[in-house]
Amino acid sequence: MRTILVLNAKGGSGKTTLATNIAGYFADRGDSVALADFDVQHSSLDWLAARSEAWGEQRPAIRGLDAANQGLKVPSSVDVLVMDAPAATHAEALGALVKRAQTIVIPVIPSPVDMRAAEHFIAELMAVRVVDRHEVKIATVANRAREGTQAMTGLGEYLDALKLPGGRKLPFLATLRASVNYLKAAERGLSIFEFAPAATQVDRDCWAPLTRWLASNRSLP
Ligand SMILES: Nc1ncnc2c1ncn2[C@@H]1O[C@H](COP(=O)(O)OP(=O)(O)OP(=O)(O)O)[C@@H](O)[C@H]1O
Ligand SMILES: [Mg+2]
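Reading the values: the criteria
- Residues numbered from 1 in each chain as written.
- Chains lettered and ligands numbered in written order.
- Predicted model: local features only at pLDDT ≥ 70, side-chain atom pairs only at ≥ 80, totals over all residues.
- Near = placed C-beta within 6 Å.
- Helix = DSSP H or I, 4+ residues; strand = E, 2+ residues; numbered from the N terminus.
- Nonpolar A, V, L, I, M, F, W, Y, C, P; charged D, E, K, R; others polar.
- Expected span 1.5 Å × (residues − 1).
- Buried ≥ 20, exposed ≤ 12 C-beta atoms within 10 Å, placed from the backbone.
- Pairing = 2+ DSSP bridges.
- Right-handed = clockwise from strand over helix to strand, strands pointing away.
- Axes fitted to C-alpha atoms, helices over the stretch in contact; angles between N-to-C directions.
- Contact = placed C-beta atoms within 7 Å.

Trainee: What's the story with the site of ligand 1 in this structure? I'm lost.
Mentor: Near ligand 1 lie 18 residues; those nearest to it are Gly 11, Lys 15, Thr 16, Thr 17 and Ala 87. Sorting the residues of the shell around ligand 1 by element identifies helix 1 (15–28), strand 6 (137–145) and helix 8 (180–188) as the ones contributing at least two each. Of the residues that constitute the shell around ligand 1, the class distribution is six nonpolar, nine polar and three charged.

Trainee: Any chance you could explain helix 1 here in plain terms?
Mentor: Residue pairs three or four apart in sequence face the same way in an α-helix, which turns once every 3.6 residues. Counted at 1.5 Å a residue, the expected span for helix 1 with its 14 residues is 20 Å, and the 20 Å between its end C-alpha atoms agrees. Most of helix 1 sits out of view: 13 of its 14 residues are buried. Remark: Gly 30 follows helix 1 within two positions and exhibits a positive phi of approximately 100°.

Trainee: How do you make sense of the pairing of strand 7 (residues 172–177) when you look at a structure like this?
Mentor: Along any regular strand, the residues point their side chains to alternate faces of the sheet. Summarising burial for strand 7: five of the six residues are buried, a large majority. Note that strand 6 and strand 7 share four bridges and pair parallel. Of the residues in strand 7, the one forming a bridge with Thr 140 is Phe 172. A crossover links strand 6 with its parallel partner strand 7, the connecting element being helix 7 (residues 150–161), and its sense is right-handed.

Trainee: Explanation requested: the sheet that holds strand 3 (residues 62–65) in the structure shown.
Mentor: Across a sheet, strands are paired by hydrogen bonds formed along the backbone, either parallel or antiparallel in direction. Taken together, the seven strands give an open sheet; going across it, the order is 3-2-4-1-5-6-7, and neighbouring strands pair in parallel fashion. Edge strands, defined here as strands with exactly one partner in the open sheet, are strand 3 and strand 7. Adjacent strand axes in the sheet meet at a mean angle of 20°, parallel and antiparallel pairs treated alike. Relative to strand 4 (residues 80–84), strand 2 (residues 33–37) runs parallel, the two being bridged by five bridges. From the neighbouring strand, Val 33 faces strand 4, where its bridge partner is Val 80. Its contacts with the sheet place helix 7 against strand 5 (103–108), strand 6 and strand 7, and it is angled at close to 180° to strand 6.

Following this line, the structure appears as structure tokens:
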């Protein structure tokens, strides 16, 4: 089973947006997907509820797992497990979550406050044992980007320069633009990959390096 964790201690960085769109991407490809919500806010499970309400059986099924309340129990039929982490995940909770993942995606918003928080969080993550031992693959993604802004240039330079323990590069894979398409998708229980291609082509292009990486062995430890 493929296990992908979307993680950043900073609230509102785009974890649920990435987790639901990654789940939708793999489901649309025909994989058996589970979306595990570790957040008591249940935003990912709400997205799944909107999905089944609006579409019934018309869209590929994604199994919801209430990991926040029931622990993580994954059926053996699942090919891809996408995990949506809550904000303020630190210390032991961080270690426990990271241990479950082959791949971690960290969304960061180009704002001074979010970037400073990301710096602290990434330093904390680097000290987690499985990360230190290279047993998990990690990448960063800029989210809600407005191209050409000073904050975006600063974030790009910062993410580009990040190194893992041992000096390996921490890949900065994709820059997702701020787009109303994510709000529309969230509302309807869809991923941007399930809209008419022309409607979300710019966003799909932004995602391409990330989805290519996630679908390849490069994102496996
Ligand atoms: N690229 C984007 N363009 C436009 N809106 C976005 C984008 N990414 C996220 N958002 C919006 O920003 C808000 C926060 O995003 P999201 O809920 O994904 O963050 P989160 O990290 O899961 O938050 P929390 O820490 O509370 O769980 C949501 O309203 C979401 O729809
Ligand atoms: Mg969330």
